[in-house]
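# Structural features, examined
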Amino acid sequence: MKTKPTAEPLTSAFDGYTRTLLDELGSDGAGETPPPEDVNRAASLLDTARKNDLTGPIVELFAYLLEQKRSSGYTPSAFGVDGQTLIDLARKHEAIDEHLVSIGGRLTQALPIAADANDRVDAYLREKDEVAPSGIEIWDTILENQQRIKKKLSMSDSDWNSFQGQIRCAIDSVETLADLIDLPPQAIEMISRVTKAYRMRITPYYTSLIMPGRINDPIMLQSIPTGEMIDNAGVEIPPVAADHSPARLIDQFYPRVVTIKATNMCAMYCTHCLRIAHIGRKDKVYSREAYIEAIDYIRANDRIRDVLITGGDAFVLPNPMIRWILEQLDTIDHVTVKRLGTRVPVTAPMRVDSELLDILEESNDQKPIRVVTQINTAQEITPVSRNAFRRISKRCFTVLNQAVLLKGINDSRVKMWKLCETIQEAYVRPYYIFNCSYRNPQFTHFRVPIEVGRDIVESMYGNISGDAIPRYIATAGGKIPLHRSNVVSAEDHSYTLRKPWNGQQVSYPDADPELYNNDLFAFKNY
Ligand SMILES: *Cc1c(COP(=O)(O)O)cnc(C)c1O
Ligand code: SF4
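Just so it is clear, the structure is predicted and the values come from calculations on it, not from any experiment.

### A look at helix α20 (residues 450–460)
Inspection of α20 places Gly453, Ile456, Val457, Glu458, Ser459 and Met460 among the buried residues, and these make up the whole buried set. With its phi angle positive at about 80°, Gly462 sits one or two positions after the end of α20.

Below you can see the structure in the form of structure tokens.
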């Protein structure tokens, strides 16, 4: 499209941004002559801007002229660009742009805003792969670890690739562990002391995620018990929560959601486990009567619509058992959503076999299923776990993640942003970040101040996809959101809001209450 030259400089046809831009550039008083190479540069930019029906070259020319004006005081006419030419090009810019964006708006508003936004993520982009590498990025090292561990534990490929093999060869003694990873002698001593009180079990697969030579590797911190677990204590671990178990295997805080603690087993025992009093110690197979009592409780309470099967770890249950529980729930009319809580896709992803996927899909076809997991670092996302999540997501729904905020593991912006982005790329949606509970003395050394957690979660707004931002939660007899309010003040119908990513305040007029309370609206008017 060619624009017709106009007789007079009608700057009033432009928006405020463009009028200000044209005023700032000015056109008179050429003054000194710029260096010839600069004049040539402007001439070439002008030529390109005129010849093409593109917005880019016009923006480039205006940006160059503006920069010359601001840094050296040269006006456009010193470069042989008169006022009428600028007006024509400004008009052409608006005519080309599908959304009628003006040159002034784009150059003086939109581009600087985008540049500021870029500044906010620079440090993250520089540090993320060094500070918080994903299991996909360090896969070569993980494979080397795997070879070493497989050999030491005399595991065949089929042992390694089967859940049974992973559980059979799971590491539960410090002697075996010390043979697989580097542990200083004092650490060995400490682990054997603590494992007298706390059970250790780490799958060979999860052990292979530990990076050699890394002090306080986040995988080690999550899976290998340390001295603090008993030294912290002095206090008894609170008894099994009798205060919110209205029926056998059931926990209930809410009217419409309950959990069934369907097993006390996990593929790997976490050092920060909130349910440490329920799980570990000894694997128990629950009786059929226990499950039936739990299901009867749900059947008899028709307000319950959402049932969360947890443990322990729901995927540790054998397939026929998972199928049976889901079938039972599917026969209850008022149960409309089922959730399964499991860490197995990151601790032993080979468990996610096609039989399990069939079971999930079949039940999901009856009523929706959600699989809820716990991933605390990007390091836990490997090509294998990503594949497990991809397959689950494909057969029922995107997996949801409940991370726990843990000192040294994920308590910085870079680590948490990287976690959230990496899991999103692995078909998992960040759902919650739990503040590490105050109730269990065995992990007070992992606790992070709420203010630090808030800073981390707030820093995500505007900087990573909204879909990858979890909610920050304290668990205290139910889940309590910890987000800071972004309402600075509220007067009459006008709010002042704060942008979480830069603190900037904006005014936000509220809905008019009078209008809202007027019931005579829409079709009632006729
Ligand atoms: C976590 C939990 C739930 C589920 O809470 P949502 O916020 O719906 O995910 C329900 N009951 C108990 C006892 C829980 O611990
Ligand atoms: S997987 Fe869950 S229940 Fe099992 S030990 Fe870890 S935190 Fe506890």
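The structure having been displayed, the exposition proceeds.
### Thoughts on the environment of Gly16
In this structure, Gly16 sits in helix α1 (residues 16–25). Along the sequence, Gly16 and Leu46 sit 30 residues apart, while their C-alpha atoms lie 24 Å from each other.

### A closer look at the sheet that holds strand β11 (residues 494–498)
Pairing between the strands of a sheet comes from backbone hydrogen bonds, and it takes one of two forms, parallel or antiparallel. Pairing is antiparallel across the open sheet formed by three strands, whose spatial order is β10-β11-β12. One side of each edge strand has no neighbouring strand; the edge strands of this open sheet are β10 (487–491) and β12 (505–509). Each strand axis lies, on average, 20° off the axis of its neighbour in the sheet, ignoring direction.

### Some words on the pattern of salt bridges
Considering all chains together, one arrives at 33 salt bridges under this definition. Across the pair Arg343 and Glu380 runs a salt bridge, and its minimum N-O distance is 2.4 Å. Taken together, the residues Arg343 in the loop between β4 (337–341) and α16 (344–347) and Glu380 in the loop between β5 (369–373) and α18 (383–395) connect sequence positions 37 residues apart. For Arg351, the salt bridge identified is with Asp353, shortest N-O distance 3.7 Å. One continuous salt-bridge network, built from bridges that share partners, spans Glu451, Arg454, Glu458, Arg484 and Arg498.

### Quick look at helix α6 (residues 139–152)
Between its first and last C-alpha, α6 extends 20 Å over 14 residues, near the 20 Å set by a 1.5 Å rise per residue. Of all the positions in α6, only Trp139, Ile142, Asn145, Gln146, Ile149 and Lys150 are classed as buried. Down the axis of α6, the smallest arc covering the buried residues is 130°, so these residues share one side. In α6, the exposed positions angled more than 90 degrees off the buried face are occupied by Asp140, Glu144 and Lys151. Looking at the packing, one finds that the buried side of α6 touches α7 (157–160), α9 (174–180), α11 (204–207) and α18. Backbone geometry just after α6 places Ser154 at a positive phi near 50°.

### A few points about the sheet that holds strand β9 (residues 479–481)
Strand order in this open sheet of nine strands is β1-β2-β3-β4-β5-β6-β7-β8-β9, and the pairing throughout is mixed. Of all the strands in the sheet, the pair left with one neighbour each is β1 (250–251) and β9. Note: strand β8 (residues 471–475) against β9, three bridges, orientation antiparallel. If you follow Ala474 over to β9, its bridge partner there is Ile480.

### With respect to the domain arrangement of the protein chain
Domain parsing of the protein chain yields domain 1 (7–110), domain 2 (139–231) and domain 3 (487–516). Each of domain 2 and domain 3 was reduced to a C-alpha centroid, and the two centroids are 52 Å apart.

### Overview of the nonpolar core
With 107 residues, the main nonpolar core has Ile298, Phe315 and Leu360 as its most contacted residues. The contacts of Ile298, once residues within four sequence positions are left out, are Ile250, Val258, Ile260, Ile304, Val307, Leu329, Ile332, His334 and Val335. One finds Ala42, Phe62, Phe79 and Ile96 within the second-largest nonpolar core, a separate group that totals 26 residues.

### Quick look at the site of ligand 1
Around ligand 1, the structure places Asp251, Phe253, Tyr254, Val257, Thr259, Leu308, Arg339, Tyr431, Tyr432 and Lys479. Here Tyr431 contributes a side-chain N or O atom positioned 2.7 Å from an oxygen atom of ligand 1. Take Tyr432: an N or O atom from its side chain is 2.5 Å from an oxygen atom of ligand 1. Only β2 (257–261) and β7 (428–435) provide two or more residues apiece to the shell around ligand 1. Taken together, the residues of the shell around ligand 1 break down into six nonpolar, one polar and three charged.

### Quick word on the packing of aromatic side chains
The final tally for this structure, using the stated rule, is nine aromatic pairs. Ring geometry for Phe253 versus Tyr254: centroids 5.8 Å apart, planes at 70°, classification edge-to-face. Owing to a relative accessible area of 36%, Phe253 belongs among the partly exposed residues under this scheme. By relative accessible area, which is 31% here, Tyr254 ends up partly exposed.

### Focus: the packing of α1 against helix α5 (residues 103–131)
Between α1 and α5, the shortest axis-to-axis distance is 7 Å and the interhelical angle comes to 80°. For the element pair α1 / α5, the angle class is roughly perpendicular. Between α1, through Tyr17, Thr18 and Leu21, and α5, the contact on the second element is made entirely by Ile103, Gly104, Gly105, Leu107, Thr108 and Gln109.

### Points about the pairing of β2
Most of β2 is tucked away, with four of its five residues classed as buried. What sits between the antiparallel neighbours β1 and β2 is a turn of five residues. Strand direction decides the pairing type here: β2 and strand β3 (residues 306–310), joined by five bridges, are parallel. By the bridge assignment for β3, Lys261 is matched with Thr310.

Parameters at a glance
- Residues numbered from 1 in each chain as written.
- Chains lettered and ligands numbered in written order.
- Predicted model: local features only at pLDDT ≥ 70, side-chain atom pairs only at ≥ 80, totals over all residues.
- Heavy atoms only, no water.
- Buried < 20%, exposed > 50% of the residue type's maximum accessible area, 1.4 Å probe, protein only.
- Helix = DSSP H or I, 4+ residues; strand = E, 2+ residues; numbered from the N terminus.
- Pairing = 2+ DSSP bridges.
- Axes fitted to C-alpha atoms, helices over the stretch in contact; angles between N-to-C directions.
- Salt bridge = Lys/Arg side-chain N within 4 Å of Asp/Glu carboxyl O.
- Expected span 1.5 Å × (residues − 1).
- Arc of directions from axis to C-beta.
- Contact = heavy atoms within 4.5 Å.
- Domains from an automatic or database assignment.
- Core = buried A, V, L, I, M, F, W, Y, C linked by side-chain atoms within 4.5 Å.
- Near = heavy atom within 4 Å.
- Polar contact = N/O pair within 3.5 Å; in protein donor to acceptor, adjacent residues only side chain to side chain.
- Nonpolar A, V, L, I, M, F, W, Y, C, P; charged D, E, K, R; others polar.
- Phe/Tyr/Trp six-rings, centres within 6.5 Å; stacked < 30°, edge-to-face > 60°.
- Parallel < 35°, antiparallel > 145°, perpendicular 65-115°, else oblique.

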